[in-house]
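Listed below, chain by chain, are the residues.
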Amino acid sequence: MKFVVTSKGDHKSDSIKSIIDQYLTDFDLEMDKETPDLVITVGGDGTFLHAVHKYFHRLEETAFIGVHTGHLGFYADWLPDEIEKLVIEISKQSFDIAEYPLLEMKIHRQGLPEPERYLALNETTIRKIEGSVVLDIDINGELFERFRGDGLCVSTPSGSTAYNKALGGAIVHPSLSTMQLTEMSSINNRVYRTIGSPLIFPSHHMVQFKPMNKGQSFLMTIDHITKSVDHVTLFECAVAKEKIRFARFRPFPFWKRVHDSFISDDR
Ligand code: NAP
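Nothing here was measured: the structure is a model prediction, and the numbers come from that model.

Peer 1: Can you help me understand the UniProt feature "active site" (unreviewed entry) in the chain in this one?
Peer 2: Annotation from UniProt places "active site" (unreviewed entry) at D45. Inspection of the secondary structure assignment puts D45 in helix 2 (residues 45-54). For D45, the contacting residues outside a window of four places in its chain are G73, F74, Y75 and A76.

Peer 1: Honestly, the site of the ligand in this entry has me stumped. Any pointers?
Peer 2: If you check the shell around the ligand, you find 16 residues, and the closest are D45, G46, N122, E123 and T161. The contact in question runs from an oxygen atom of the ligand to an N or O atom on the backbone of G46, over 2.8 Å. Within the backbone of Y163, one N or O atom sits 3.2 Å away from an oxygen atom of the ligand. Secondary structure elements with two or more residues in the shell around the ligand: helix 2 and helix 4 (163-166). Here the shell around the ligand gets 3 residues from one element, more than from any other, and that element is helix 2.

Peer 1: Would you mind going over the UniProt feature "binding site: NAD(+)" (unreviewed entry) in the chain with me for this structure?
Peer 2: UniProt tags D45, G46, H50, N122, E123, R148 and D150 as "binding site: NAD(+)" (unreviewed entry). A maximum C-alpha distance of 31.4 Å among these annotated residues, which run over 106 residues, shows that they spread across the structure rather than meeting at one spot. Among the secondary structure elements, N122 is positioned in the loop between strand 7 (116-120) and strand 8 (123-127). With residues near it in sequence (within four places) discarded, N122 still touches L49, Y75, V154, S155, T156, S158, G159, A162 and D223. Reaching out from N122, the side chain makes a polar contact with the side chain of Y75 at a distance of 2.7 Å. For R148, a relative accessible area of 23% gives the class partly exposed.

Peer 1: I tried to follow the domain arrangement of the chain on my own but got confused; where do I start?
Peer 2: Where interface size is quoted, it is often the accessible area lost as the parts come together. Domain annotation for the chain reports domain 1 (2-95 + 249-263) and domain 2 (102-241). Contact residues are listed per partner, giving 13 residues for domain 1 and 17 residues for domain 2. Broken down residue by residue, the surface that domain 1 buries against domain 2 is led by H53, Y75 and F254, which jointly contribute 40%. The tally of links from domain 1 across to domain 2 stands at 0 salt bridges. If you look at where domain 1 meets domain 2, you find 3 residue pairs in polar contact (both at pLDDT 80 or more). Elements with a minimum of two residues in the side of domain 1 that touches domain 2: helix 2 and helix 5 (254-262). Ranked by the residues each element gives to the side of domain 1 that touches domain 2, the list is headed by helix 2, at 5 residues.

Peer 1: Help me out: how do you make sense of the side chain of T194 in this one?
Peer 2: Tracing the backbone through its elements, the reader meets T194 in the loop between strand 11 (178-186) and strand 12 (199-202). You can call T194 buried: its relative accessible area is 7%. A polar contact is formed between the side chain of T194 and the side chain of S186, at a distance of 3.3 Å. Every residue in contact with T194, bar those within four places of it in the chain, is listed here: E145, R146, F147, R148, E183, S186 and N188.

Quick notes on the rules
- Residues numbered from 1 in each chain as written.
- Predicted model: local features only at pLDDT ≥ 70, side-chain atom pairs only at ≥ 80, totals over all residues.
- Heavy atoms only, no water.
- UniProt positions renumbered as here; feature names shortened; annotations may be inferred.
- Helix = DSSP H or I, 4+ residues; strand = E, 2+ residues; numbered from the N terminus.
- Contact = heavy atoms within 4.5 Å.
- Near = heavy atom within 4 Å.
- Polar contact = N/O pair within 3.5 Å; in protein donor to acceptor, adjacent residues only side chain to side chain.
- Buried < 20%, exposed > 50% of the residue type's maximum accessible area, 1.4 Å probe, protein only.
- Domains from an automatic or database assignment.
- Buried area = accessible area lost by both parts, 1.4 Å probe.
- Salt bridge = Lys/Arg side-chain N within 4 Å of Asp/Glu carboxyl O.

Right under this line is the structure:
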């Protein structure tokens, strides 16, 4: 089995990466940065997001696992003092796979024949550097509402505990193949009206955001990546057909992670 270890880059994460590299090489596993079967991240959820984006082109062949060197992570759940246990499990070269949904975002821009396509593990957001975001929101081809406000966030179930949660979105179990739309400070008065509640969509639904004036610029995020996009004519969001594969060497109950992260980790 081919593996690669990525690090957050701080001293603690780098030294744990070196230890894992050494142990796995001693177990005769091959280190391969280009075509790994297993990607082990050392750091936090941010480190995990970076690694997943690096290997998005290999989702069908690659599984991911995270070691956290800070507070408990949603994606990185192994502790530094469990490293020996983890490498012994990896050396057996057999593990369960848990698949989680991803989000697909297509951006249509004036002058480009094909839309740009992105995948997100947590979420995508649409904002503007200056002024309000004004977008018509279509659900499955029908106008649902005209949104005016700071921006919009569309999250995956596993991203529902991240930015989505801060926006008042629901926490969604990642076994549900869904995406969630949340508003960022919508303007609501006699002239402008939005639903105000987060919306959760099944995997066969498509949500489109249509800028009022064609050719506008937006500030977008796709997980940790920020992009300025101009001349946008249409954004399209749907649950992606691809999934991310997590390597599981022990149970990793989602609701326990939610409890330990947001309620307390002392039980
Ligand atoms: P960052 O500012 O370094 O990280 C933001 C925080 O979000 C970190 O504490 C990170 O955990 C945590 N996080 C990431 N994914 C998570 C998940 N699925 N569930 C719960 N917490 C999660 O930014 P970054 O490292 O570039 O990460 C980008 C992510 O930050 C975005 O995808 C977005 O979800 C999140 N974000 C959140 C807010 C907010 O809550 N108001 C605002 C902007 C962005 P670690 O410390 O373990 O890395």
